[in-house]
Amino acid sequence: MSNLDVITAHYEASDRGDLDGMLAPIGPETTWTEAAGFPYAGTYTGPDEVKRNVFEAIARDWDGYQFTLSALLDAGDSIVGLGTYTGTNRKSGKAFTARVAHVWKFDGDKVASFEQIVDSAPVAAATD
């Protein structure tokens, strides 16, 4: 399976709402960085930390939260997913749309890191 295939499978799992499938490429050493200014900012290591600090937190705080992939770029040891986040904050009732890039880096056949680059201003405004 190529690096592009691994990340394609992650996004396909996301489209199905399959959290286990989304976490499948994340190994115990994989670092996952959510951007500064984003509600879940920080770096988490391994699938359990990512599940708890990112995906469970999103499910708790947002209705209809979704990532829509618009392009997937293959740069060999790096794969970049471009897209849009949307959702409605459960507390404020405010909706948002934000552009995002996901940078996946591989070490051999393993995902070494994930980095989110996002326009966090609309997300933050929806939490007010």
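Conventions and cut-offs
- Residues numbered from 1 in each chain as written.
- Predicted model: local features only at pLDDT ≥ 70, side-chain atom pairs only at ≥ 80, totals over all residues.
- Heavy atoms only, no water.
- Helix = DSSP H or I, 4+ residues; strand = E, 2+ residues; numbered from the N terminus.
- Expected span 1.5 Å × (residues − 1).
- Bend = angle between axes of the 7 residues up to and from the residue.
- Buried < 20%, exposed > 50% of the residue type's maximum accessible area, 1.4 Å probe, protein only.
- UniProt positions renumbered as here; feature names shortened; annotations may be inferred.
- Contact = heavy atoms within 4.5 Å.
- Pairing = 2+ DSSP bridges.

An unreviewed UniProt entry lists the chain under the name Nuclear transport factor 2 family protein, from Amycolatopsis halotolerans.

*Asks:* Sorry, what's going on with helix α3 (residues 46-61) here?
*Replies:* Each α-helix turn comprises 3.6 residues. Residues three or four places apart therefore point the same way. Relative to the 22 Å expected for 16 residues at 1.5 Å per residue, α3 spans 22 Å between its end C-alpha atoms, a close match to the ideal helical length. Most pronounced at Arg52, the bend in α3 amounts to some 35°. Buried within α3 are the following residues: Gly46, Val50, Val54, Phe55, Ala57 and Ile58.

*Asks:* How should the UniProt feature "domain: SnoaL-like" (unreviewed entry) in the chain be read in this particular structure?
*Replies:* When the UniProt feature table is mapped onto this chain numbering, "domain: SnoaL-like" (unreviewed entry) sits at residues 8-113. The straight-line gap between the two end C-alpha atoms of residues 8-113 is 16 Å; of that span, 28% is helix and 48% is strand.

*Asks:* Looking at this model, I keep getting lost on the environment of Leu23. Mind explaining?
*Replies:* Position of Leu23 among the secondary structure elements: in helix α2 (residues 19-23). Owing to a relative accessible area of 9%, Leu23 belongs among the buried residues under this scheme. Spatially, the C-alpha atoms of Leu23 and Asp48 are 8.8 Å apart, while their sequence positions differ by 25 residues. Not counting residues up to four positions away in its chain, the partners in contact with Leu23 are Pro47, Val50, Lys51 and Phe55.

*Asks:* I tried to follow the pairing of strand β4 (residues 78-89) on my own but got confused; where do I start?
*Replies:* Looking along a regular strand, one sees side chains alternate from face to face of the sheet. Note that strand β3 (residues 62-75) and β4 share eleven bridges and pair antiparallel. Directly across from Ala75, in β4, lies its bridge partner Ser78. Linking β3 back to β4 in an antiparallel pair, the connection comprises two residues, with Gly76 at a positive phi of about 75°. In this structure, β4 lies alongside strand β5 (residues 95-107), joined through eleven bridges in antiparallel fashion. Paired with Val80 across the strands is Val103, a residue of β5. Counting the residues that bridge the hairpin from β4 to β5 gives five residues, and of these Gly93 lies at a positive phi of roughly 75°.

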